[in-house]
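What follows is the residue order along each chain.
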Amino acid sequence: MTTLPEGWSDFFVATTGAGAALAGLIIVAMTANIKMIIGIQGMTSRAGATIGSLTLIVVAGAVALIPGQGALFVGLEILVVSVVVLGINLDSAWRVVQASRRPDYASGPPAPKIALALAQIAPFLVGAVMLLTGDWSGLYWVAGGMIVVFMASVLNAWILLVEILR
């Protein structure tokens, strides 16, 4: 099959729009609380990684909707963006680890934050590799990754809007 399997376009249209909207919310949250965010070690990189992950949703959904592409090209495009976002999340993880070594670090243990930031990219990578082999069922992995990113991003939006003010 050289085009997106039937039934997937509605899913990708919905998730692409929702991802873009949530990325906008994160940016607004950062604007509203920028002094607090800058003042907390590791918080700017965490916000950046959240925006990067939401960008992965938007780009993955958009490339899947390009007409006439086969699984190979969809997989390649998702793989490239996933690797870029993985790099952003690895940088964020490194910054959180560095911040956690400071005596004034008060954001709890860094391991769960790092695990979540990295784990949400894994399904995109698995799905992309499956698509590269021509297996359209890799879209289920990509969809799972999108759902995990949504959950993690809503949590981070809450932290950026409310929790940092406590």
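Just above, that's the structure.
Residues numbered from 1 in each chain as written. Predicted model: local features only at pLDDT ≥ 70, side-chain atom pairs only at ≥ 80, totals over all residues. Heavy atoms only, no water.

Draft legend 1. Quick look at helix 1 (residues 8-32). Over its 25 residues, helix 1 runs 36 Å from end to end, which matches the ideal 36 Å to within 8%, given 1.5 Å per residue. Of the residues making up helix 1, those classed as buried are Trp8, Phe12, Thr15, Thr16, Gly19, Leu22, Ala23, Ile26, Ala29 and Met30. If you follow the buried residues of helix 1, they end up packed against helix 2 (34-39), helix 3 (43-64) and helix 7 (138-161). (Helix = DSSP H or I, 4+ residues; strand = E, 2+ residues; numbered from the N terminus. Expected span 1.5 Å × (residues − 1). Buried < 20%, exposed > 50% of the residue type's maximum accessible area, 1.4 Å probe, protein only. Contact = heavy atoms within 4.5 Å.)

Draft legend 2. Expanded view of the pattern of salt bridges. Per the counting criterion, the structure on display carries 1 salt bridge. Between Arg95 and Asp91 there is a salt bridge, and its shortest N-O distance comes to 2.8 Å. Placement of both Arg95 and Asp91 in helix 4 (residues 71-100) is noted, with a separation of 4 residues, approximately one turn of the helix. (Salt bridge = Lys/Arg side-chain N within 4 Å of Asp/Glu carboxyl O.)

Draft legend 3. Molecular detail of the packing of aromatic side chains. Overall, the coordinates contain 4 aromatic pairs when judged by the stated rule. On the numbers, 5.0 Å between centres and 75° between planes, the contact of Trp8 with Tyr140 is edge-to-face. Here the residue Trp8 occupies a position in helix 1, and Tyr140 occupies one in helix 7, the gap between them amounting to 132 residues. By relative accessible area, which is 59% here, Tyr140 ends up exposed. Ring-pair connections join several aromatic residues into one group, and the members of that group are Trp8, Phe11, Phe12 and Tyr140. (Phe/Tyr/Trp six-rings, centres within 6.5 Å; stacked < 30°, edge-to-face > 60°.)

Draft legend 4. Structural detail: the packing of helix 1 against helix 7. Following both chains from N to C, one finds helix 1 and helix 7 inclined at 20°, their axes separated by 10 Å at the closest point. With respect to helix 7, the element helix 1 is oriented roughly parallel. For the element pair helix 1 and helix 7, the recorded crossing hand is left-handed. Where helix 1 approaches helix 7, its residues Trp8, Phe11, Phe12, Thr15, Ala18, Gly19, Leu22, Leu25, Ile26, Ala29 and Met30 are matched on the opposing element by Leu139, Tyr140, Val142, Ala143, Met146, Phe150, Ser153, Val154, Asn156, Ala157, Leu160 and Leu161. Taken together, the residues of the contact of helix 1 with helix 7 break down into 19 nonpolar, 4 polar and no charged. (Axes fitted to C-alpha atoms, helices over the stretch in contact; angles between N-to-C directions. Parallel < 35°, antiparallel > 145°, perpendicular 65-115°, else oblique. Left-handed = near helix turned anticlockwise from the far one by under 90°. Nonpolar A, V, L, I, M, F, W, Y, C, P; charged D, E, K, R; others polar.)

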